[in-house]
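For reference, the chains in residue letters:
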Amino acid sequence: MIKTLHVKFYLFLSLTLIALNGFAQDPNLYQTWYLYSMESEFDTTTVSDFDPPIVPTLIIDASLNFSGQGACDTFNGSFSYSDPEELLIVANSSNTETTCGFYEDEFEIEYFGYLSSGHHMTYIITNDADGYQTLLLHGATFTTLTYRNIALSTPSILKDDFSFSLHPNPTTNKLSIDYDNDTNDLNLTLYSSTGTVIFKNRSFQNDIDVSNLANGLYFMELTSTKGRIVRKFVKQ
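From a predicted model like this one, the values you see are computed outputs, not experimental measurements.

K.L.:
Please set out the overall build of the chain residue by residue, giving values where relevant.
P.N.:
When helices and strands are tallied, the chain shows 2 helices and 16 strands. When each of the 236 residues of the chain is scored for burial, the buried share is 39%. In the chain, the share of contacts with a sequence separation of at least 24, taken over all contacts with a separation of at least 6, comes to 57%. Accessible area for the chain stands at about 13,100 Å²; split by element, carbon and sulfur atoms hold 53% of it.

K.L.:
Can you explain empty space enclosed by the protein? Please cite residues and give values.
P.N.:
Where empty space is left can be seen by rolling a probe of water-molecule size over the atoms. According to the stated counting rule, one finds 1 cavity of 30 Å³ or more in the structure shown. Space inside the largest cavity adds up to approximately 60 Å³. Those elements that provide at least two residues to the lining of the largest cavity are β1 (32–39) and β16 (227–235). A total of 3 residues in the lining of the largest cavity trace back to one element, the largest contributor, which is β16. Looking at side-chain class alone, the lining of the largest cavity contains 9 nonpolar, 2 polar and 1 charged residues.

K.L.:
Please give an account of the environment of Ser117 that cites residues and values.
P.N.:
Looking at the element boundaries, Ser117 is found in the loop between α2 (102–114) and β7 (120–127). Owing to a relative accessible area of 42%, Ser117 belongs among the partly exposed residues under this scheme. Between the alpha carbons of Ser117 and Ser93 there is a distance of 5.8 Å; along the sequence they are 24 residues apart. Ignoring sequence-local partners within four residues, the contact set of Ser117 consists of Val90, Ala91, Asn92 and Ser93. Of the polar contacts made by the side chain of Ser117, one reaches the backbone nitrogen of Ser93; its length is 3.4 Å.

K.L.:
Give a detailed account of the state of the cysteines, specifying residues and quantitative values.
P.N.:
A covalent bond between the sulfur atoms of two cysteines is what we call a disulfide. Scanning the entire structure with this criterion turns up 1 disulfide. Disulfide pairing is shown between Cys72 and Cys100; the S-S distance is 1.9 Å. Disulfide Cys72-Cys100: the torsion about the S-S bond is -85°, which places it as left-handed. In this pair, Cys72 sits in the loop between β4 (65–69) and β5 (74–82) while Cys100 sits in the loop between β6 (87–95) and α2, placing the two residues 28 residues apart along the sequence. The class of Cys72 is buried, set by a relative accessible area of 10%.

K.L.:
I'd love a proper account of α2, names of residues and values included.
P.N.:
Over its 13 residues, α2 runs 19 Å from end to end, which matches the ideal 18 Å to within 8%, given 1.5 Å per residue. Among the residues of α2, Glu104, Phe107, Glu108, Tyr111, Phe112 and Tyr114 are the ones counted as buried. The buried side chains of α2 occupy one side of the element, clustering within an arc of 140° when seen end-on. Exposed residues on α2 whose side chains face more than 90 degrees from its buried face are Phe102 and Ile109.

K.L.:
If you had to explain the nonpolar core to someone new, which residues and values would you point to?
P.N.:
One finds Leu58, Leu88, Tyr111, Leu137 and Tyr147 to be the most contacted residues of the largest nonpolar core, which totals 29 residues. For this core, the elements supplying multiple residues, two or more each, are β1, β3 (57–60), β5, β6, α2, β7, β8 (133–139) and β9 (144–148). Ranked by residues supplied to this core, first place goes to α2 with 4 residues. Discounting chain neighbours no more than four positions away, the residues touching Leu137 are Leu58, Leu88, Met121, Thr122, Tyr123, Thr143, Thr144, Leu145 and Tyr147. Among the nonpolar cores identified, the runner-up in size contains 15 residues, and Phe164, Leu222, Ile229 and Phe233 belong to it.

K.L.:
Could you give me a rundown of the packing of aromatic side chains, with the residues and numbers involved?
P.N.:
Considering all chains together, one arrives at 8 aromatic pairs under this definition. Clustering of aromatic rings is evident, with ring pairs tying together Phe50, Phe66, Phe75, Phe79, Phe107, Tyr111 and Phe112.

Definitions and limits used
- Residues numbered from 1 in each chain as written.
- Predicted model: local features only at pLDDT ≥ 70, side-chain atom pairs only at ≥ 80, totals over all residues.
- Heavy atoms only, no water.
- Helix = DSSP H or I, 4+ residues; strand = E, 2+ residues; numbered from the N terminus.
- Buried < 20%, exposed > 50% of the residue type's maximum accessible area, 1.4 Å probe, protein only.
- Contact = heavy atoms within 4.5 Å.
- Areas by Shrake-Rupley, 256 points an atom, 1.4 Å probe, with all protein chains shown as cover.
- 1 Å grid on protein atoms, 1.4 Å probe; cavity = no way out; pocket = protein on both sides within 12 Å on 5 of 7 lines; lining within 4 Å.
- Points joined across faces, edges and corners; volume = space filled by probe spheres on them.
- Nonpolar A, V, L, I, M, F, W, Y, C, P; charged D, E, K, R; others polar.
- Polar contact = N/O pair within 3.5 Å; in protein donor to acceptor, adjacent residues only side chain to side chain.
- Disulfide = S-S within 2.5 Å.
- Expected span 1.5 Å × (residues − 1).
- Arc of directions from axis to C-beta.
- Core = buried A, V, L, I, M, F, W, Y, C linked by side-chain atoms within 4.5 Å.
- Phe/Tyr/Trp six-rings, centres within 6.5 Å; stacked < 30°, edge-to-face > 60°.

Remember, this is a structural readout, not a statement about activity or role.
Structure representation (structure tokens):
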């Protein structure tokens, strides 16, 4: 009887250690990552080349569930983990299917394909000189997805004779707008990532409450007698 109990105890201990090892990932993995580039054996896609700009993301939580944004579509799923190879294996995934436009649609087919069920990849996280981090996901077919935990800079989509900036970006509750003091007759329009008008405001304040917006990518348009500028921001 005692021998049987010992066997059961050691079996329980072994299974426990295996389970713990199965979740021994770097805790820095669990955060929001912004895609900077996709590199394959034959081609490289650089996100900053898109015009109008897009903000593709990958959000990973401690349960290895993931979600994110492509060009205009969203996706979600879950990883399993293989130790000691440090392999992330896509256990399941799904995505929405909005028509974004030819260039963006082609991008999403490739991006979502890397995160489709059955695909596996190794990962490397490095600390950068500017205080942020880079995540590299290396696939089995000579592919590399490069992410950072800071969004790409947000240049204006249309440049004109006046300027404005949005901060903080990404934001959770409040968005502050800084613009030229000598700019008159400003009109503000907020768009979703698919181009739907969320609201228009002719007499807005410098601070806008965005806490009620769903998480995702948005575009803010300011027009005046001097022209029109559109900038993007991310609500988290």
